Amino acid sequence: MSDYAYYPGCSLETAASPYDKSVREVFKALGINLHEIEDWNCCGATMYMSVNNTVAYSISARNLALAQKMGMDVCAPCSSCFTILQKTNRYIDWDPKEREKINQALAAANLVYDKPVAVRHPLDILVNEIGLDTIKAKVVNSLAGLKVAPYYGCQIVRPYGYFDDVDDPVTMNKLLQALGAEVTHYPGKVRCCGGMLMTTEENIALKLNLGLLQAAVDNGAEMIATACPLCQMNLEAYQNKINQAFGKNFNIPIVYFTHLVGVALGMSPAKMGLDKLLVSPDKLLARAKEVRV
Amino acid sequence: MIERIEPFPKSEAELRTAFWGQLGKFPEGDKIKTCLQCGTCSGTCPVSYAMDITPRQVVALFRAGRIEDILHSRTIWICASCYSCTVRCPVGIRVTDTLYALKRIAMSRKIYPAQFHVQTMSKAFIGNIYKYGRNYELGLVIRFFLKSNIVKLFTMAGFGMAMIRRGRLAILPSKIKRINEVQAIIKRASQLGEN
Ligand code: SF4
Ligand code: SF4
Ligand code: SF4
Ligand code: SF4
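Caption draft 1: Layout of the overall build of chain B. Broken down by element type, chain B carries twelve helices and zero strands. Starting at the N terminus, the α and β elements of chain B follow one another as α-α-α-α-α-α-α-α-α-α-α-α. Considering only residue pairs separated by 6 or more positions, chain B has 65% of its internal contacts joining residues 24 or more positions apart. As displayed, chain B offers around 9500 Å² of accessible surface, 59% of which is attributable to carbon and sulfur atoms.

Caption draft 2: Spotlight on the interface of chain A and chain B. Listed by partner, the interface residues are 67 residues for chain A and 66 residues for chain B. Each partner contributes to the roughly 5900 Å² buried at the junction of chain A and chain B, and carbon and sulfur atoms together form 60% of this total. Glutamate 181 of chain B serves as the salt-bridge partner of arginine 62 of chain A, at 2.9 Å between the closest nitrogen and oxygen. Going through the elements one at a time, α1 (9-13), α2 (17-29), α3 (53-70), α4 (79-94), α5 (96-107), α9 (197-200), α10 (202-218) and α11 (229-237) of chain A are the ones with two or more residues in the side of chain A that touches chain B. For the side of chain A that touches chain B, the element with the highest residue contribution is α3 of chain A, accounting for seven residues. For the side of chain A that touches chain B, the per-class residue count stands at 34 nonpolar, 18 polar and 15 charged.

Caption draft 3: Highlighting helix α3 (residues 55-63) of chain B. Residue and element names in this part refer to chain B. For α3, the complete set of buried residues consists of Pro55, Val58, Val59, Leu61 and Phe62. Buried residues of α3 fall within an arc of 165° about the axis and therefore sit on the same side. The elements touched by buried residues of α3 are α1 (10-23), α2 (40-44), α4 (67-72), α5 (75-78) and α7 (95-109). Positioned one or two residues after α3, glycine 65 has a phi angle of 75°, which is positive.

Caption draft 4: Spatial organisation of the site of ligand 1. Ligand 1 sits among twelve residues. The nearest are Cys10, Ser11, Cys42, Cys43 and Cys81 of chain A. More than one chain approaches ligand 1, the contributing ones being chains A and B. Among the secondary structure elements, those contributing two or more residues to the shell around ligand 1 are α1 and α4 of chain A. When its residues are assigned to classes, the shell around ligand 1 shows eight nonpolar, four polar and no charged.

Caption draft 5: Just the domain arrangement of chain B, in detail. Taken domain by domain, chain B holds domain 1 (10-109) and domain 2 (118-188). Domain 1 of chain B and domain 2 of chain B are separated by 29 Å when their C-alpha centres are compared.

Caption draft 6: Up close: the sheet that holds strand β2 (residues 33-36) of chain A. Residues and elements named next belong to chain A. Pairing is parallel across the open sheet formed by four strands, whose spatial order is β2-β1-β3-β4. Where the open sheet ends on each side, the last strands, each with one partner, are β2 and β4 (119-120). Pairing of strand β1 (residues 3-6) with strand β3 (residues 74-75), which is carried by two bridges, proceeds in the parallel orientation. Counted as the bridge partner of tyrosine 6 is cysteine 75 from β3. Set on the sheet, α2 makes contact with β1, β2 and β3; between it and β2 the angle comes to about 135°.

Rules used throughout
- Residues numbered from 1 in each chain as written.
- Chains lettered and ligands numbered in written order.
- Predicted model: local features only at pLDDT ≥ 70, side-chain atom pairs only at ≥ 80, totals over all residues.
- Heavy atoms only, no water.
- Helix = DSSP H or I, 4+ residues; strand = E, 2+ residues; numbered from the N terminus.
- Contact = heavy atoms within 4.5 Å.
- Areas by Shrake-Rupley, 256 points an atom, 1.4 Å probe, with all protein chains shown as cover.
- Buried area = accessible area lost by both parts, 1.4 Å probe.
- Salt bridge = Lys/Arg side-chain N within 4 Å of Asp/Glu carboxyl O.
- Nonpolar A, V, L, I, M, F, W, Y, C, P; charged D, E, K, R; others polar.
- Buried < 20%, exposed > 50% of the residue type's maximum accessible area, 1.4 Å probe, protein only.
- Arc of directions from axis to C-beta.
- Near = heavy atom within 4 Å.
- Domains from an automatic or database assignment.
- Pairing = 2+ DSSP bridges.
- Axes fitted to C-alpha atoms, helices over the stretch in contact; angles between N-to-C directions.

Written out as structure tokens, the structure is:
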């Protein structure tokens, strides 16, 4: 399939704009058309789940109903949105009563969701739809020698293991290797970064991120590749605080995996928002010699 | 002599009914009955060290008829939804969803741990979606710290500026066009989904 209903989610509009830009650029270069779902709303994250199931699934389903109208599967780059939309699909498929209620709620906005659309993460689409061979053939800047820790975080693989193993996923490893990068051993690959706890319970989250940064550095990584806006933010923006709190000296760039694909394919770093990171990924920027405009 | 089994006190009985109702809202919710008390969930949980009651103990307290104690704990609010416990539980108990079920009961009955603010965040977030249809990060964070920790608000200003300069933090909320649709859906869904 070469057309997807694109669900950026709130983070990609703001804090994760470099992710948004790089996903759009990379997909365009690979001949995949992303059509942003017109007037999409926040999927509700995990917050509405703690209040009311039916409301949580209904607002999430509004986006799916809009995608159904477009007749396309959904591409959702934020791991959190990805899981919420997946969960909505699964649980309304499991419970006919809930499905009925959700459709009654949607009817209040003249929408209907009766032909489920698949929800996919760009990592899955790149590797399993486009394929590593196609991507390899388009590499103009090999990332050979660049040492990258692949960080999957939690929600991209858990709880469903939709496209990879819940404990030891390899999709990103394979993709980065296809670009020539040296993928380091990374024991933190599916460990949690704490997500929203960074705001609500900072001490807990700082510790989790300390572990993740340390594991990357200890294994020789020069940067961490992420696939989720919240992980990126926690690992990147709190490095100073972690350094102060634990007497450390971290200064490691946290890029999105799509940035690595983009640079390898010869895309302009600025077009992918690589100049908007807080820790500049100099070693990656140095590879961007051949740039397509 | 057989000990007389005390029935659950009235409030507990009501909470149990509500909890069983919530357990029916996701697949295999009743598997909680088969918990082995093996502790795998607590062992794999990245934040259990900071919980006053571990995930395993949540199940134990539920069995012991002490749901109210669970609701007063910080545990359900500290859970980061990482789903490690869910994928590792040897008998397939959906621990994360079970904690969500407990959160819904806590929220609807306004039972929170003392001096604790995570639920403040949930409420602010929900308010944003109702008003704008999207999350409004800056507003969310400001509201949260006004309530919980004003000092921290000032210490975060520098970081906020760095993000604004990079175009990664919006000063104003973005609002969807057909917010009326979202509000209509939320209203109808809240009537339908008794909680
Ligand atoms: S999960 Fe986060 S990014 Fe995704 S739509 Fe919701 S608030 Fe926005
Ligand atoms: S790693 Fe962090 S941000 Fe990513 S899904 Fe897990 S908790 Fe959420
Ligand atoms: S892992 Fe499952 S069986 Fe073991 S204590 Fe936790 S919930 Fe019970
Ligand atoms: S989902 Fe919650 S309880 Fe389960 S392991 Fe993760 S943080 Fe712990």
